[in-house]
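# A closer look at the structure
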Amino acid sequence: MRPPIYDVYQMKADRLPDGTKAIWLRTWPDEGPSSDDWMLVGRERHPSKWTIAEMNENGFCFREIPSWLDSSKSLMEKPPLVEISDGSARYT
């Protein structure tokens, strides 16, 4: 059986509530939001089982990503070097 296909929208950055990094909305094809707060990102052709379940239950799938949830490279960088008394340095 072929998986369902959904339209994926992202809320425009200037319309996001305070403390929100992103908001994603999935709808059935050609049933997008009536508000101009959203921009179409594309089609999702291989949704997760959780997305399919939520779509079947509600007719849409809504995800809000808080600003404190950050996956930026800054979290992946090495910790600062600490100088040791013998003149060498190591990562903390």
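Preceding block: the structure.
Residues numbered from 1 in each chain as written. Predicted model: local features only at pLDDT ≥ 70, side-chain atom pairs only at ≥ 80, totals over all residues. Heavy atoms only, no water.

## Observations regarding unusual backbone geometry
What counts here: We count a stretch as a helix when DSSP gives it H or I for four or more residues in a row; a strand needs E for two or more, and each element gets its number in order from the N terminus. Each residue's exposure class comes from its accessible area (1.4 Å probe, protein chains only) as a fraction of the maximum for that residue type: buried when under 20%, exposed when over 50%, partly exposed otherwise.
If you check the backbone angles, aspartate 30 has positive phi at about 60° while not being a glycine. Within the secondary structure layout, aspartate 30 lies in the loop between β2 (20-27) and β3 (38-44). Classification of aspartate 30 by relative accessible area gives exposed; the value is 70%.

## Overview of the side chain of glutamate 44
Selection rule: Definition of a polar contact: a pair of N or O atoms within 3.5 Å, with one able to donate and the other able to accept a hydrogen when the atoms are protein atoms, and with sequence-neighbouring residues admitted only if both atoms are side-chain atoms.
In this structure, glutamate 44 sits in strand β3. Assessed through its relative accessible area of 16%, glutamate 44 is described here as buried. A polar contact of 2.4 Å, which involves the side chain of glutamate 44, links it to the side chain of arginine 26.

## Observations concerning the nonpolar core
The cut-off we apply is this: Among the buried residues, those of types Ala, Val, Leu, Ile, Met, Phe, Trp, Tyr and Cys that are joined through side-chain atoms within 4.5 Å form a nonpolar core. Working rule for contacts: check all heavy atoms of both residues, and any pair within 4.5 Å makes them a contact.
Listed in full, the 6 residues of the largest apolar core are Tyr9, Met11, Leu16, Ile23, Leu25 and Trp38. Of all the elements in the fold, those that place two or more residues in this core are β1 (6-11) and β2. Beyond its immediate stretch of four places on either side in the chain, tryptophan 38 contacts Tyr9, Gln10, Met11, Lys12, Ile23, Trp24, Leu25, Pro33 and Phe62.

## Let's talk about the environment of arginine 45
Within the secondary structure, arginine 45 is located in the loop between β3 and α1 (49-58). Look at arginine 45 and you get partly exposed, because its relative accessible area is 46%.

## Some words on the side chain of threonine 27
Mapping threonine 27 onto the fold places it in strand β2. Apart from residues lying up to four places away in sequence, threonine 27 is in contact with Tyr6, Asp7, Tyr9, Gly32 and Met55.

## Some remarks on the pattern of salt bridges
We count it as follows: Each reported salt bridge corresponds to a side-chain nitrogen of Lys or Arg within 4 Å of a carboxyl oxygen of Asp or Glu.
As enumerated under the stated definition, the model contains 7 salt bridges in all. Of the charged contacts, one joins aspartate 14 and arginine 15 as a salt bridge, the two residues approaching to 3.9 Å between their closest N and O atoms. Residue aspartate 14 is classed as exposed on the basis of its relative accessible area of 64%. For arginine 15, a relative accessible area of 36% translates into the label partly exposed. Shared partners join several salt bridges into a network, and the residues in it are Asp14, Arg15, Asp36 and Asp37.

## Considering the sheet that holds β3
Spelled out, the test is: Strand pairing follows a simple DSSP-based rule, namely that at least 2 bridges must link the two strands. Simply put, an axis is a line fit to the C-alpha atoms, just over the touching stretch for a helix, and the angle between two N-to-C directions goes from 0 to 180 degrees.
Across the sheet, 4 strands lie side by side as β3-β1-β2-β4; this open sheet has antiparallel pairing. The open sheet has two edge strands with one neighbour each: β3 and β4 (60-66). For this sheet, the mean inter-axis angle between neighbouring strands, taken without regard to orientation, is 20°. Sheet topology places β1 next to β2; 4 bridges connect them, and they run antiparallel. Bridge pairing in β2 places tyrosine 9 opposite leucine 25. Running at roughly 125° to β4, α1 makes contact with β1, β2, β3 and β4 of the sheet.

Keep in mind these values describe shape, not function.
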